[in-house]
Amino acid sequence: MDGKREQWGSRIGFILAAAGSAVGLGNIWKFPYLVGENGGAAFIVLYLICVILVGLPVVIAEILIGRTVQKNPVGSFRELSKGNPFWIAVGGLGVFTGFLILSYYNVIAGWSLGYVIESIKGSFHKLENPEAAGQLFESLSSKPQWTLMFHGLFMIMTVIIIYAGVTKGIERASKIMMPALLGLIIVLVIRGIMLKGAGDGVRYLLKADFSAITGKTFMLALGQAFFSLSLGMGALLTYGSYMSKKENIVYSAVNIVALDTFIAILAGFMIFPAVFAMGLEPAQGPSLIFNILPIVFNSIPGGYVFRIIFFILLSMAALTSTISLLEVITTFVVDEFHLKRKTVAIVLGGFVFLLGIPSAMSFCGWENFTIFGRTCFNFVDFISANIFLPLGGIFIALFVGWFWGIRKALPHLQQGAASFSGFLALLWSILIRFVAPILILLIFLSGLGII
Ligand code: PHE
């Protein structure tokens, strides 16, 4: 479909859409359990280091590539590298990673939607301890009909928004859901902190246990920074491709990164005080919010309503992320094969649904089917979040810092951000040329046990 490329209706529209992509299950489901398992505040400190030294400069670089060329990841790299096959493949890796992430991410998004329904039905009322909640979770997630039905429903919701387009779909949905999400989190944080015994949870989040830090922890923090910022696979590049040249990329990037980090930390304050107040264990791993949280609400006055609010919040956070993932692959197909957006969105949605089935089945029947010792779900999560995203990040940094080159890239960045020069520009170029690639590489190798 040729025709003019859509553009965001407003600056805040872009910031909310990109922050919507960034804020997701990564913030509310993954970040708190990683903090719980890896030394509390010590992990938060590592995470902040990764976000500031690597995340922010690469966010700027990724949006910059997209806005400069106004194309999908493959088309953008092709144009800027003048057809160099290696860089085209880097764009392709991004699109492929988008496929993979969406396929398993949507399964968990589906669970959150399912939990909204279960909360309304009152399924958690009579559960007294985490074991009972764990059993309920297992009995639900181990039913292929349940898991696949919500996996499918969530994909349909995602497709509907992408079908509607950039401004009428993504931008409008983000403008409604992001403020709602922020409001709901604040309500839940206040509710949690007011509980008796919540102070231990707050102290836990503020107390740093640096003895828990290893090379692997660093890799987890970096992988989480990439995952949480939707970085390294072309989501921000794609959103940036709808951005006007009059807008300030640096300003937008700082806002996106700040919102994402703020919401991840708020999510910690929403979950841990309540978990501690109920005398439960913080280091529960991935099942924290599905096993522990539902029963935490049982002992909270008004818990029935707060539980529903929590899972609605989780579903909305997931939805603003799944749409960005589907958008990456949709624009890729639309741009490269000149097909109609609406048809492409539906076909790709169906395709990703199928690709997600092995991940969904990892919890209901295929637990013992493993690839390199991991279930399908864990394998796809590991290679995409911990390998492909950091790898994509290194390539984006090297591309902008060295191949395209700061001298050529900077004038594009300064369009709409004229004051980004002198010391700030120098700082960014040092981070993008040296600090980001070296840090990513070191952390990557040490996490894989190579150094
Ligand atoms: N950033 C999203 C989250 O934290 C996940 C995501 C990753 C979305 C990559 C898009 C691209 O949940």
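Whatever comes next refers back to the structure up there.
Model, not experiment: these values are computed from the prediction.

Caption draft 1: Fine view of unusual backbone geometry. Here the phi dihedral of Q70 falls at roughly 60 degrees; this positive angle occurs in a residue that is not glycine. Along the chain, Q70 turns up in the loop between α3 (41-69) and α4 (73-80).

Caption draft 2: Local environment of the site of the ligand. Not every one of the 14 residues close to the ligand is listed here, only the nearest: A22, G26, Y105, F227 and S230. In the model, a nitrogen atom of the ligand is placed 3.1 Å from a nitrogen or oxygen of the S21 main chain. Here a nitrogen atom of the ligand sits 3.1 Å away from a polar atom, N or O, in the main chain of S228. Alone, the ligand offers 330 Å² of accessible surface; in the complex the protein occludes 100% of this. Those elements that place two or more of their residues in the shell around the ligand are α1 (11-22), α2 (25-37), α10 (215-228) and α14 (303-337). Residue composition of the shell around the ligand, by class: 6 nonpolar, 8 polar and no charged.

Caption draft 3: Layout of the nonpolar core. Ranked by size, the top nonpolar core spans 168 residues in total, and within it M270, F290, F310 and W428 carry the most contacts. Top element by residues in this core is α14. It accounts for 18 residues. Sequence-distant contacts of W428, defined by excluding residues within four places in its chain, comprise P57, I60, A61, L64, V400, I406, L410, L413 and F420.

Caption draft 4: Up close: the packing of helix α7 (residues 144-164) against α14. At a closest axis distance of 9 Å, the pairing of α7 and α14 adopts a crossing angle of 60 degrees. Classified by the angle between their axes, α7 and α14 sit oblique to one another. The two elements α7 and α14 meet at a crossing, and its hand is right-handed. Of the residues in α14, those in contact with F154, M157, T158, V159, I161 and I162 of α7 are S315, A318, L319, T322, I323, L326, E327 and T330.

Caption draft 5: Up close: the packing of aromatic side chains. All told, the structure shown has 36 aromatic pairs when counted by the stated rule. Consider the rings of W8 and Y239, whose centres lie 5.2 Å apart with planes at 75 degrees: the pair is edge-to-face. Note that W8 is positioned in the segment before α1 and Y239 in helix α11 (residues 235-240), a separation of 231 residues in sequence. What makes W8 buried here is its relative accessible area of 9%. Taking the relative accessible area as the measure of exposure, Y239 reaches 1% and is therefore buried. An aromatic cluster is built from W111, Y115, F124, F137, W146, F150, F290, F297, F310 and F311, whose rings are joined through pairwise contacts. Directly above the ring of F227 sits K30, whose terminal nitrogen or CZ lies 4.3 Å from the centroid.

Rules and cut-offs
Residues numbered from 1 in each chain as written. Predicted model: local features only at pLDDT ≥ 70, side-chain atom pairs only at ≥ 80, totals over all residues. Heavy atoms only, no water. Helix = DSSP H or I, 4+ residues; strand = E, 2+ residues; numbered from the N terminus. Near = heavy atom within 4 Å. Polar contact = N/O pair within 3.5 Å; in protein donor to acceptor, adjacent residues only side chain to side chain. Areas by Shrake-Rupley, 256 points an atom, 1.4 Å probe, with all protein chains shown as cover. Nonpolar A, V, L, I, M, F, W, Y, C, P; charged D, E, K, R; others polar. Core = buried A, V, L, I, M, F, W, Y, C linked by side-chain atoms within 4.5 Å. Buried < 20%, exposed > 50% of the residue type's maximum accessible area, 1.4 Å probe, protein only. Contact = heavy atoms within 4.5 Å. Axes fitted to C-alpha atoms, helices over the stretch in contact; angles between N-to-C directions. Parallel < 35°, antiparallel > 145°, perpendicular 65-115°, else oblique. Left-handed = near helix turned anticlockwise from the far one by under 90°. Phe/Tyr/Trp six-rings, centres within 6.5 Å; stacked < 30°, edge-to-face > 60°. Lys NZ or Arg CZ within 6 Å of the ring centre and 35° of its normal.

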